[in-house]
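Below, each chain spelled out in residue letters.
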Amino acid sequence: MPRRRIGFWYRFAAVLCKPWLVVLIKRDWRGMEHIPADGGFITAVNHNSHVDPFAYAHFQYNSGRVPRFLAKSGLFKEGFVGAAMRGTGQIPVYRESTDALSAFRAAIEAVERGECVAFYPEGTLTRDPDGWPMTAKTGAARVALQTRCPVIPVAQWGANELLPPYARKPNLLPRKTHHVLAGPPVDLTRFYGHEMTPELLKEATEVIMAAVTAQLEEIRGEKAPETPYDPRRERIEQRRRTRAETAAVARAEARAESGAETAVEIDGTVPGPAQTSHAQSGHANTTHAQTSHEGENSK
């Protein structure tokens, strides 16, 4: 595949990162033939480790079509990080924009210039307990439908074994294998020419993520859950469980307080069976003693 102009900053980053990646992880890369040789396109990639952007970028770099990642616009403003982000052609996302399409204007422009724009549609590390892709945001679908560019589904697995999601310490030994499988372009033609409503974008996003998940199923040799993990639904369910648990604790405390009040009331005003029997026995003994004393006096 012919190599496009990469530029100083990207080559500099490659010189810094590639030796470490070669040492730390083995490579099982497939599907590179699906990466377009020319023209702008999108890759939709699953995200399961803080290391996988570097590992995936290595795959994409070796294809000759370097990826341009999306990042919040604040990172581009100043300092070494800003210079590196601008120099490597990474793409700012304008989250402060009130117009969703304007937030991705730089990504649209990059695709129209013929660049590869890499999307992590999930927006963050997967929270699925088994590492499968979660429900995704609609940014990739929005840019794809606006530009009608190819969308290449890419699945990866292995970087998460080197550094699991949200872990702080890597598992260096034994040496892990980074598996990447790129698939053929996702067919989104049935969505072209329609208004980009939330419902249409959601459906197009589900089609993209189904293709990514299918690639990951092939890598892992197992089936993904029928329903993707939904962090929003999980948060709602967690709040519901928390409210139910709080209500159960409140009811238990109320019952305990009610029982304590009843016990105090009984002890203070109404003698129990044992108390009544003891009192009656004491009264009978007193009466018997008085009768005996009176009889002795009459004698």
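Predicted model only: the values in this text are computed from it and were never measured.

Criteria and thresholds
- Residues numbered from 1 in each chain as written.
- Predicted model: local features only at pLDDT ≥ 70, side-chain atom pairs only at ≥ 80, totals over all residues.
- Heavy atoms only, no water.
- Helix = DSSP H or I, 4+ residues; strand = E, 2+ residues; numbered from the N terminus.
- Buried < 20%, exposed > 50% of the residue type's maximum accessible area, 1.4 Å probe, protein only.
- Contact = heavy atoms within 4.5 Å.
- Areas by Shrake-Rupley, 256 points an atom, 1.4 Å probe, with all protein chains shown as cover.
- Patch = residues over 30% accessible without salt bridge, like charges linked within 9 Å, V, L, I, M, F, W, Y side chains within 5 Å.
- Salt bridge = Lys/Arg side-chain N within 4 Å of Asp/Glu carboxyl O.
- Pairing = 2+ DSSP bridges.
- Axes fitted to C-alpha atoms, helices over the stretch in contact; angles between N-to-C directions.

**What about the overall build of the protein?**
Broken down by element type, the protein carries 10 helices and 7 strands. Taking all 299 residues of the protein together, the buried fraction comes to 39%. Looking at the protein alone, contacts between residues at least 24 apart form 73% of all its contacts between residues at least 6 apart. When the accessible area of the protein is evaluated, it comes to approximately 17,700 Å², of which 55% is carbon and sulfur surface.

**Details of a nonpolar patch on the surface**
On the surface, Phe8, Phe12, Leu16, Leu75, Phe80 and Val81 cluster together into a nonpolar patch covering about 610 Å² of accessible area. Among the elements that take part in the nonpolar patch, helix α1 (residues 8-24) stands out by supplying 3 residues, more than any other. Tracing the backbone shows phenylalanine 12 in helix α1.

**Quick word on the sheet that holds strand β5 (residues 116-119)**
Think of a sheet as strands paired side by side through backbone hydrogen bonds, with each pair either parallel or antiparallel. Sheet architecture is open: 7 strands sit in the order β1-β7-β6-β2-β5-β3-β4, paired in mixed fashion. A single partner strand is all that each edge strand has here, and the edge strands are β1 (25-30) and β4 (91-93). In this sheet, adjacent strand axes meet at a mean angle of 30° when their direction is disregarded. Packed on one face of the sheet, helix α8 (residues 198-220) meets β1, β2 (41-45), β6 (151-157) and β7 (176-182) and runs near 35° to β6.

**Notes on helix α2 (residues 52-62)**
Among the 11 residues that make up α2, 8 are buried, leaving the element largely enclosed by the rest of the structure. By the burial criterion, the buried members of α2 are Asp52, Ala55, Tyr56, Ala57, His58, Phe59, Gln60 and Tyr61. Positive phi appears at glycine 64, one or two residues downstream of α2, with a value of about 95°.

**Some details on the environment of leucine 162**
One can find leucine 162 in helix α7 (residues 159-162). Put simply, leucine 162 and valine 51 are 111 residues apart on the chain and 8.0 Å apart in space, counted from C-alpha to C-alpha. Once you skip the residues sitting within four places of it in the chain, leucine 162 turns out to touch Ile25, Val51, Pro170, Asn171, Leu172 and Lys176.

**Side note on the pairing of β6**
The buried fraction of β6 amounts to 7 of the 7 residues, a majority that puts the element mostly inside the structure. The alternating pattern of β6 places Val151, Pro153, Ala155 and Trp157 on one face and Ile152, Val154 and Gln156 on the opposite face, and all of these are buried. Pairing of β2 with β6 involves 4 bridges; the strand directions are parallel. The residue bridging threonine 43 from the neighbouring strand is isoleucine 152, located in β6. Both β6 and β7 contribute to a ladder of 4 bridges, which runs antiparallel.

**A word on the environment of phenylalanine 59**
Within the secondary structure, phenylalanine 59 is located in helix α2. For phenylalanine 59, a relative accessible area of 0% corresponds to the buried category. Each C-alpha atom of the pair phenylalanine 59 and histidine 178 lies 9.7 Å from the other, and the pair is 119 residues apart in sequence. Look past the residues within four positions of phenylalanine 59 in its chain and what remains in contact with it is Trp29, Arg30, Met32, Ile35, Val180 and Ala182.

**Brief notes about the pattern of salt bridges**
Within this structure, the stated rule accounts for 7 salt bridges. Across the salt bridge formed by arginine 30 and glutamate 218, the nearest N and O atoms sit 3.8 Å from each other. Note that arginine 30 is positioned in strand β1 and glutamate 218 in helix α8, a separation of 188 residues in sequence. Among the residues examined, arginine 30 registers a relative accessible area of 32% and is labelled partly exposed. For lysine 202, the salt bridge goes to glutamate 206, with nearest N and O atoms at 2.6 Å. Placement of the pair is lysine 202 and glutamate 206 together in helix α8, with a separation of 4 residues, close to one helical turn. The exposure class of glutamate 206 is partly exposed, given its relative accessible area of 44%.

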